[in-house]
Amino acid sequence: MMRWNVYRKLAIFLLFFMSGIMSAMAQYGQSADSSRYFNPITDDITKRLPPLEVLIDSAAYNSPSVKYEDLKSQYYYFEELTAKRAWLNYFSLNWDMNFGRWDFWDRDTQYHLDYFHSWSWRSNYAAGFYIRFPLQELFDRRNNINKQKKWIEISQMQKEINRRFLVNEVIDHYNNLVQYQNYIRIYNEYQNFTMMQMRMAQNEFVNGEISTAEYTRLKEIQTRGAINFEQAIAEFNKEYKLLEVTTGMKFNLINILR
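Residues numbered from 1 in each chain as written. Predicted model: local features only at pLDDT ≥ 70, side-chain atom pairs only at ≥ 80, totals over all residues. Heavy atoms only, no water.

## Remarks on a nonpolar patch on the surface
On the surface, a nonpolar cluster with roughly 1,100 Å² of combined accessible area is contributed by W87, L88, F91, L93, F129, I131, F133, L135, L138 and F139. Only β2 (91–106), β3 (116–131) and α4 (135–206) provide two or more residues apiece to the nonpolar patch. For the nonpolar patch, the element with the highest residue contribution is α4, accounting for three residues. As for its placement among the helices and strands, L88 is situated in the loop between α3 (64–84) and β2. On the basis of relative accessible area, L88 is assigned to the partly exposed category, the value being 45%. (Patch = residues over 30% accessible without salt bridge, like charges linked within 9 Å, V, L, I, M, F, W, Y side chains within 5 Å. Areas by Shrake-Rupley, 256 points an atom, 1.4 Å probe, with all protein chains shown as cover. Salt bridge = Lys/Arg side-chain N within 4 Å of Asp/Glu carboxyl O. Helix = DSSP H or I, 4+ residues; strand = E, 2+ residues; numbered from the N terminus. Buried < 20%, exposed > 50% of the residue type's maximum accessible area, 1.4 Å probe, protein only.)

## Observations regarding the environment of K238
Locating K238 in the fold gives a position in helix α5 (residues 212–247). When the C-alpha atoms of K238 and L177 are compared, they prove to be 8.7 Å apart, with 61 residues separating the residues in sequence.

## Notes on the packing of α4 against α5
One can describe the packing of α4 onto α5 by two numbers: an axis separation of 7 Å at closest approach and a directional angle of 155°. Between α4 and α5, the interaxial angle falls into the category roughly antiparallel. For the pair α4 and α5, the sense of crossing is left-handed. Looking at the contact of α4 with α5 residue by residue, the class counts come to 24 nonpolar, 14 polar and four charged. (Axes fitted to C-alpha atoms, helices over the stretch in contact; angles between N-to-C directions. Parallel < 35°, antiparallel > 145°, perpendicular 65-115°, else oblique. Left-handed = near helix turned anticlockwise from the far one by under 90°. Nonpolar A, V, L, I, M, F, W, Y, C, P; charged D, E, K, R; others polar.)

## Considerations on the packing of aromatic side chains
Counted according to the given criterion, the structure contains ten aromatic pairs. Ring centres of Y183 and Y187 lie 6.1 Å apart, and the angle between their planes is 50°; this geometry places the pair in the tilted category. Highlighted residues: Y183 and Y187, both in helix α4, separated by four residues, approximately one helical turn. Over the ring of Y61 we find K67; its NZ or CZ atom is 5.6 Å from the centre of that ring. (Phe/Tyr/Trp six-rings, centres within 6.5 Å; stacked < 30°, edge-to-face > 60°. Lys NZ or Arg CZ within 6 Å of the ring centre and 35° of its normal.)

## Section: the environment of Y183
The class of Y183 is partly exposed, set by a relative accessible area of 31%. Expressed as a C-alpha distance, the spacing of Y183 and F229, which sit 46 residues apart in the sequence, is 7.6 Å.

## Brief notes about α5
Compared with the 52 Å implied by 1.5 Å per residue over 36 residues, the 52 Å span of α5 between its first and last C-alpha is a close match. Downstream of α5 by one or two residues, G248 has phi in the positive range, about 70°. (Expected span 1.5 Å × (residues − 1).)

## Concerning the pattern of salt bridges
All told, the structure shown has eleven salt bridges when counted by the stated rule. Notably, a salt bridge pairs E160 with R163, separated by 3.2 Å at the nearest N-O pair. Of this pair, E160 and R163 both sit in helix α4, three residues apart, roughly one helical turn. The partner of E214 in a salt bridge is R217, and the shortest N-O contact between them spans 2.6 Å. Note that E214 and R217 are positioned in helix α5 at a spacing of three residues, about one turn of the helix. Put simply, E160, R163 and R164 are held in one network by salt bridges that share partners.

This is the structure in structure tokens:
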């Protein structure tokens, strides 16, 4: 009986211990998930994103246009090597070898003999070396090499142009994101004010204190505020996605205002 009580207490202890672990894991999962949620009205987007310098570096690293210019530079480098080795095209080493049966049909015109046939087994070989160096290639070789070097410089310059354009694009999306968050906050306050104003206007309209035209005017103001608020949210979400695409990063924030 005593042994059974010990086992029961141990089982109860293990049950409470496991439930505590599961509860802690659930709370940790909820806190981890809640950290992904973002409210543009109360949270600051600049504190939830990586620094601007990191965004710019990520955009340059993941940019297809920058990588494309790197590949072009490598290609032109190999073209430069080819131009430097082009003189080898004018040196040649030949080796020929033949073996087989040779058949001949001959006619002796001096003695007016008819055609007669003869054959023989023969082998022959030949080896040779020649140099053919046009003067145009001799004087233009350095120029061809320099042209390939210039293509490398052009590609590097285009890479820098693409990178600067990318920097401007990242800065624009980042600033637009901050700007539209400010718009959301402003339009949210304005919308709350107009909604309170509309509730007062409804009571005044029912009591006959304001005219239909005045009520309609106030309703139009409230509607424009609601539209501006929704447009600011849409633009904020668009700039958020564009910044993700431009930088090649996933911020994994869930905007509760959709």
